[in-house]
Amino acid sequence: AGRARERGRGGAAGARPLRARRGAAPASLGKGALGSSSRELKGRRTRTMLLEGADALDIALARAEGDIDDEDAAEEEAVLAMRHNFVDDCSWRDVREDAEGRLIAIDNLEERRAKRQRRQLSADAVGQVKKGMIRYLYLVIDLSQSVLEVDLRPSRLSLMVQLVEEFIVAFFDQNPLSNIGIIVTRESKAEKLTELSGNPKAQIAALKANLRTGGDASLQNSLDAAREALAGVPSYGHREVLILLSALTTTDPGDIYKSARACKRLRVRCSTVGVAAEVYVCKAIAELTKGTYGVALDEHHLGQLLMEHIPPPPTTASNSEKASLICMGFPRRQAREGSLLSGRYVCPRCRAHNEELPTTCKICKLTLGSSPHLARSYHHLFALPPLTEIHPTKLPKDQKRALASHCFACGAPFTADVGQGVRLECPTCRKQFCFDCDTYMHEEVHNCPGCLFGQFQLRSTDTV
């Protein structure tokens, strides 16, 4: 009859089983109810399971015993995911009322200060190190049966696809001269969905059209497929493989360490972001190829681990080439005759037409780009220096007069309720900013508004 869980109900004399015996009608149903449709019986059984707190294991057992069909099981899993979101996502705890009755975010100074320190330590570690500006990255995504788990909301698969989409968009925004390709692993095989390209929309569309899951993951086949695709990359390009792994096992046709050593000889940097738990082979491959390995604690941490791979990694002595000039072309756009659509880019060397930038000319193999792409990559070489914290309570009285009353960027007032009145001062222009603007300056615009304003005033004075 299967497992029946006994649960006590408030106000009841005893407990009754969670599910009725297979094939039997509930005790509360009479002869008239026996003639009702099976759909109604299944709906009542579904409501009984949800009211008595059924978990994912109960649903799986009910499906295996034939008590519910696949459609009912999908509905119950959706309700479980919604209940999980409601219990864990207590967003009302992050806001409070001010003196005027308005809802404001609770100030978390220590958390924001710790985030600034982590960003500063990361910048100090690679600030004076040569970085790979032109990157060729293959993103390996695990689509095995393990992604169907619902321990991450709404599910592993939905969360992974959402984060990968955000990662691709942010990657091309911060690395406009780089290229991405996608490889998926399922059913103990590796399938290359897209070639290396600089078109984020095409990459995302190809991934969303191939989300079929099943079987086991295969790290070795994925590494071999990425290594073969990266073998033809120019020597000045930085070769990378980023694996988003959900499974705890890998089904490989041979020695996976042999594939890892082949990646090392080709100077391919292999990094892994784990969704479930730590896997030793992933850690060993990351150490061998000078990559990184991290395991997510929750949904937010998974996004953080993935976004850490957006800035260019440091180029070590083992995978660095001798500095040399790179021949690069800046094509012009040629409008299409009789069409309002944007035209093609004409290669300045061979006059071949190309659909997108940046790219490599298919005829003469010339690297094609634009001046905005170079400008957006500039901040990786010369990063914005960290701002200095100023604590009003620790300053002498004669220096408190120099404190600004409002943030120079957003105009928010500095009060004791927000960040305890702490200011963040730019070491160059001496303008003072809040914590939110500091994060926006270092992670988005990569420029100081005070310094830019000073340069604008200087140019205006020279013009007059």
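None of these values were measured; they are calculated from a predicted model.

**Q** Could you give me a rundown of the packing of aromatic side chains, with the residues and numbers involved?
**A** On inspection of all chains with the given rule, the structure shows four aromatic pairs. Centre to centre, the rings of Phe171 and Phe172 are 5.7 Å apart; their planes meet at 85°, and the pair counts as edge-to-face. Taken individually, Phe171 and Phe172 each receive the classification buried, so the pair is uniform in this respect. Connected via pairs of aromatic rings, a cluster forms that spans Phe167, Phe171 and Phe172.

**Q** So what's going on with the environment of Val445? Residues and values would help.
**A** Following the sequence through the fold, Val445 ends up in helix H14 (residues 435–445). Judged by relative accessible area, Val445 falls into the partly exposed class, the value being 35%.

**Q** Please provide a residue-by-residue account of the side chain of Asn179, values included.
**A** Within the secondary structure layout, Asn179 lies in strand E6 (residues 179–186). On the basis of relative accessibility, which here comes to 10%, the residue Asn179 falls in the buried class. Look past the residues within four positions of Asn179 in its chain and what remains in contact with it is Arg135, Tyr136, Leu137, Phe171, Phe172, Leu196, Ser197, Gly198 and Pro358.

**Q** Describe the pairing of strand E5 (residues 135–142), naming the residues involved and giving the relevant values.
**A** Within E5, eight of the eight residues are buried, which leaves it mostly tucked inside the rest of the structure. A two-sided burial pattern is seen for E5, the buried positions comprising Arg135, Leu137, Leu139 and Ile141 on one face and Tyr136, Tyr138, Val140 and Asp142 on the other. In terms of strand pairing, E5 meets strand E8 (residues 238–245) through seven bridges, oriented parallel. Residue pairing for E8: Val140 is matched across the bridge by Ile243. As paired elements, E5 and E6 share seven bridges and run parallel to each other. Directly across from Tyr136, in E6, lies its bridge partner Asn179. You can see the chain leave E5, run along helix H6 (residues 156–174) and come back into E6, and the turn it takes is right-handed.

**Q** Pulling in residues and values, what's your account of the state of the cysteines?
**A** Tallied over the entire structure, the rule returns zero disulfides. This cysteine, Cys451, is not joined by any disulfide, and Cys448 carries the nearest cysteine sulfur, 3.7 Å off.

**Q** Tell me about the sheet that holds E5, and please be specific about residues and values.
**A** Overall, mixed pairing links the six strands, which are arranged E7-E6-E5-E8-E9-E10 in an open sheet. A single partner strand is all that each edge strand has here, and the edge strands are strand E7 (189–192) and strand E10 (293–295). Averaged over neighbouring strand pairs, the angle between their axes works out to 20° when direction is ignored. Judged from the seven bridges that link them, E8 and strand E9 (residues 268–274) form a sheet pairing that is parallel. Paired with Leu242 across the bridge in E9 is Ser271. Its contacts with the sheet put helix H11 (residues 299–307) on E8, E9 and E10, and the angle it makes with E9 is roughly 170°.

Scoring rules and cut-offs
Residues numbered from 1 in each chain as written. Predicted model: local features only at pLDDT ≥ 70, side-chain atom pairs only at ≥ 80, totals over all residues. Heavy atoms only, no water. Phe/Tyr/Trp six-rings, centres within 6.5 Å; stacked < 30°, edge-to-face > 60°. Buried < 20%, exposed > 50% of the residue type's maximum accessible area, 1.4 Å probe, protein only. Helix = DSSP H or I, 4+ residues; strand = E, 2+ residues; numbered from the N terminus. Contact = heavy atoms within 4.5 Å. Pairing = 2+ DSSP bridges. Right-handed = clockwise from strand over helix to strand, strands pointing away. Disulfide = S-S within 2.5 Å. Axes fitted to C-alpha atoms, helices over the stretch in contact; angles between N-to-C directions.

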